Amino acid sequence: MRLGRTLTAVAVLCALPFYLDAFWLRIGLFSMAAAVGAVGLGLLSGTAGQLSLGHAFFLAVGAYGYVWLAGEPGPGLPTAVAAVLAVLLAGAAGGIFSPVAGRVRGIYLGVATLALVFLGHHVLLTADSVTGGFNGRSVPPLELAGFSFSSDSELTLLGVPFGAEERLWYLGLALFAVTWFTARGILRGRPGRALVALRDSETAAAVMGVNVSRHRSAAFVVSSMYAGLAGVMLALSFRRVVPDYFGLVLSVDYLAMIVIGGLGSVAGATAGAVFVTALPLLMTRYADQLPLVAAPGTTDGTVGPTEAARYLYGAAIVLILLFAPDGLHGLARRLRARLRGRRTAPPPTGTTTPSRPHTSAVRAKEPTP
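One structure accompanies this document, and this report is about it. (Residues numbered from 1 in each chain as written. Predicted model: local features only at pLDDT ≥ 70, side-chain atom pairs only at ≥ 80, totals over all residues. Heavy atoms only, no water.)

**Side note on the overall build of the chain**
Reasoning step 1: Secondary structure assignment for the chain yields 14 helices and 6 strands.
Reasoning step 2: With respect to the three principal axes, the spread of C-alpha positions in the chain is 95 × 55 × 50 Å.
Reasoning step 3: Buried residues in the chain amount to 43% of all 369 residues.
Reasoning step 4: When contacts within the chain are restricted to residue pairs at least 6 apart in sequence, long-range pairs at least 24 apart make up 72% of them.
Reasoning step 5: Surface accessibility of the chain: about 20,100 Å² in total, with carbon and sulfur atoms responsible for 67%. (Helix = DSSP H or I, 4+ residues; strand = E, 2+ residues; numbered from the N terminus. Buried < 20%, exposed > 50% of the residue type's maximum accessible area, 1.4 Å probe, protein only. Contact = heavy atoms within 4.5 Å. Areas by Shrake-Rupley, 256 points an atom, 1.4 Å probe, with all protein chains shown as cover.)

Below is the structure:
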């Protein structure tokens, strides 16, 4: 049954570009990119128990690394090679910071990673030759084996024209699938059990033979690589990168994703990423139909759609922490268990059940001579 549900979900996701317009496909692309980054942060904060407020920095390293490596000015490498090197560059940035992550924990680690965001934003604004400064840089389209993920060349499948969004949709699905299975493999294997032991008690983990410093550093590097991949996907989806996007607000958004979805869960991080990413876009699209929300470019209403969306998922965080600390994933798991319990409920009291024979009617076992 689980395999059947998985195949059905994959078939539905693969068929969506034939029926959805560009707006909904963009929401899906942004959500898949956010889900990849949220899964990485979930491994770091939810599984390993390390607070990080610098996730936006590593997304910026992946996005700008791809743009510089594949564009002009820059080495002008093939875009597929540039994408792989950008992910490795984000992992290298996490490796440089990993000694700090291996020795500092809690709120101190959060403050240390917060410094990365401000430092990275300053570099993005001042390094004009690499980042383009305040105006940012355009993103070269990705090409694989001569196939371009852009709308430059005409492509029609089953009578449906495939532009950049449709082509990037399948690339995003493939990258998200790789992220999903690798993250679940980490969680179910020995590294995941070691990280959970570190989160629960470093002393107990050290007694059991877990190298505390090495595993905490490794978790930071893996999370940085996931963030770098998410940065590459965001750059390809936006087609232009600007420094202001990779600020503290983005890091807070990713923390909201893993809290709403459920800490330490790949499915929960995905659900939280979709919720936090899609909500402001949907409110912008339908702002003229919502009360107290101003449509973009007007002064009517009380708040803009982006601010209203932040209020809503801020309230969602409060409700999750009060009534469902394990997030949407835990809530869905409890609902499934309750429905399963109703299906296997005992028969009504009016029905008769076969009675066991009385003890005296059962022949006693003869003693062994």
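Still to come is the rest of the account.
**A word on the environment of Glu-143**
Reasoning step 1: Position of Glu-143 among the secondary structure elements: in strand S2 (residues 143-144).
Reasoning step 2: Classification of Glu-143 by relative accessible area gives partly exposed; the value is 44%.
Reasoning step 3: In sequence terms Glu-143 and Val-81 are 62 residues apart; their C-alpha atoms lie 9.8 Å from each other.
Reasoning step 4: Sequence-distant contacts of Glu-143, that is, excluding residues within four places in its chain, are made with Thr-79, Ala-80 and Ser-148.

**Here we look at empty space enclosed by the protein**
If you roll a probe as big as a water molecule over the atoms, it shows you where there is empty space left.
Reasoning step 1: Counted under the stated rule, the structure contains 4 cavities of 30 Å³ or more.
Reasoning step 2: Lining the largest cavity are Leu-29, Met-32, Leu-168, Leu-171, Gly-172, Leu-175, Met-233, Leu-236 and Ser-237.
Reasoning step 3: When contributions to the lining of the largest cavity are tallied by element, the ones reaching two or more residues are helix H2 (22-47), helix H7 (164-188) and helix H10 (212-238).
Reasoning step 4: It is H7 that contributes the most residues to the lining of the largest cavity, 4 residues altogether. (1 Å grid on protein atoms, 1.4 Å probe; cavity = no way out; pocket = protein on both sides within 12 Å on 5 of 7 lines; lining within 4 Å. Points joined across faces, edges and corners; volume = space filled by probe spheres on them.)

Any link to function would need more than the numbers given here.
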